[in-house]
Amino acid sequence: MVAYLAVAAGVGMGEKILIVEDEEKLSRFIELELAYEGYEAQKAGDGRSGLAMAESGDFDLILLDIMLPELNGMEVLRRIRRFSPIPVILLTARDTVMDKVNGLDSGADDYITKPFAIEELLARIRTALRKKNSSGAQGGGQGLLRLGRLTLDAPRYSAAMDQTPLELTKREFDLLKILMENAGIVLTRDVLLERVWGYNYVGETNSVDVYIRFLRSKIDETFGVKYIHTVRGVGYAMRIGDEA
Ligand code: CA
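In what follows, the accompanying structure is described. Note that the structure is predicted; figures quoted are calculated from it, not measured.

### Looking at the overall build of the protein
Logical step 1: Counting its regular elements, the protein contains nine helices and 12 strands.
Logical step 2: Sequence separation of 24 or more characterises 57% of the internal contacts of the protein that already satisfy a separation of 6 or more.
Logical step 3: For the protein, the computed accessible surface area is about 13200 Å², with 53% contributed by carbon and sulfur atoms.

Given below as structure tokens:
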């Protein structure tokens, strides 16, 4: 019974948490506590670098301070919500009703007022992660794409080969999603550039090829399959090919 309760208390299972907080002592304290609980924690000390790390798509949950240098927490949250439904818990020093309402309106999953007991924060984190995991299941397979051994869960921003999660950046994920949605159809570089990078993209024209190479390395080469096909002079298509 005691052992069961210890399990039920829910230690982290390597879930990755991003801490965006400029108070170094507090941030370090949270990082150590999270590591002790079995989470993998990383820190950002200002809004801009926090947003950049969130864009990598590598995290399961974000702890976001509101008063931050560079970009404030509310702005960081607004931008995160343009590309990700990742759970965000706001850390706020200002215990006013307005802040709470604004926080939840702007897409935060929860908020906690500083100073807080670490147990309280850990409980909020467990709840947010549980909600995230069960909302994916409630989706009833909606947004779930499959190709051979590969699955992509769009609402949860996750992709897996068999049961092995793929570590994809947002760009790689978006590209893979478009290719899987159009499995068997050849997509030109222009179409991919437009749909993944946007109409106004003015960067390198070979970005598509570069990111196709990243995906090939993470999927085809890592798992010994041939799903991503080059159609010479035209573009790319995803389909199940001969095992490599
Ligand atoms: Ca702060």
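### A closer look at the pattern of salt bridges
Logical step 1: Inspection of every chain in the model, using the stated rule, returns 20 salt bridges.
Logical step 2: Among the ionic pairs, E31 bridges to R28, the shortest N-O distance being 2.6 Å. One end of the pair is E31 and the other is R28, both in helix 2 (residues 24-36) and three residues apart, which spans about a single turn.
Logical step 3: Judged by relative accessible area, E31 falls into the buried class, the value being 16%.
Logical step 4: For R28, a relative accessible area of 39% puts it in the partly exposed group.
Logical step 5: Here D174 and K170 are joined by a salt bridge, their closest N and O atoms 2.5 Å apart. Of this pair, D174 and K170 both sit in helix 7 (residues 170-181), four residues apart, which is roughly one turn of the helix.
Logical step 6: Each of E21, E23, D65 and K114 takes part in one network of salt bridges that share partners.

The rules behind the values
Residues numbered from 1 in each chain as written. Predicted model: local features only at pLDDT ≥ 70, side-chain atom pairs only at ≥ 80, totals over all residues. Heavy atoms only, no water. Helix = DSSP H or I, 4+ residues; strand = E, 2+ residues; numbered from the N terminus. Contact = heavy atoms within 4.5 Å. Areas by Shrake-Rupley, 256 points an atom, 1.4 Å probe, with all protein chains shown as cover. Salt bridge = Lys/Arg side-chain N within 4 Å of Asp/Glu carboxyl O. Buried < 20%, exposed > 50% of the residue type's maximum accessible area, 1.4 Å probe, protein only.

From the geometry alone we can't say anything about function, so treat these as descriptive.
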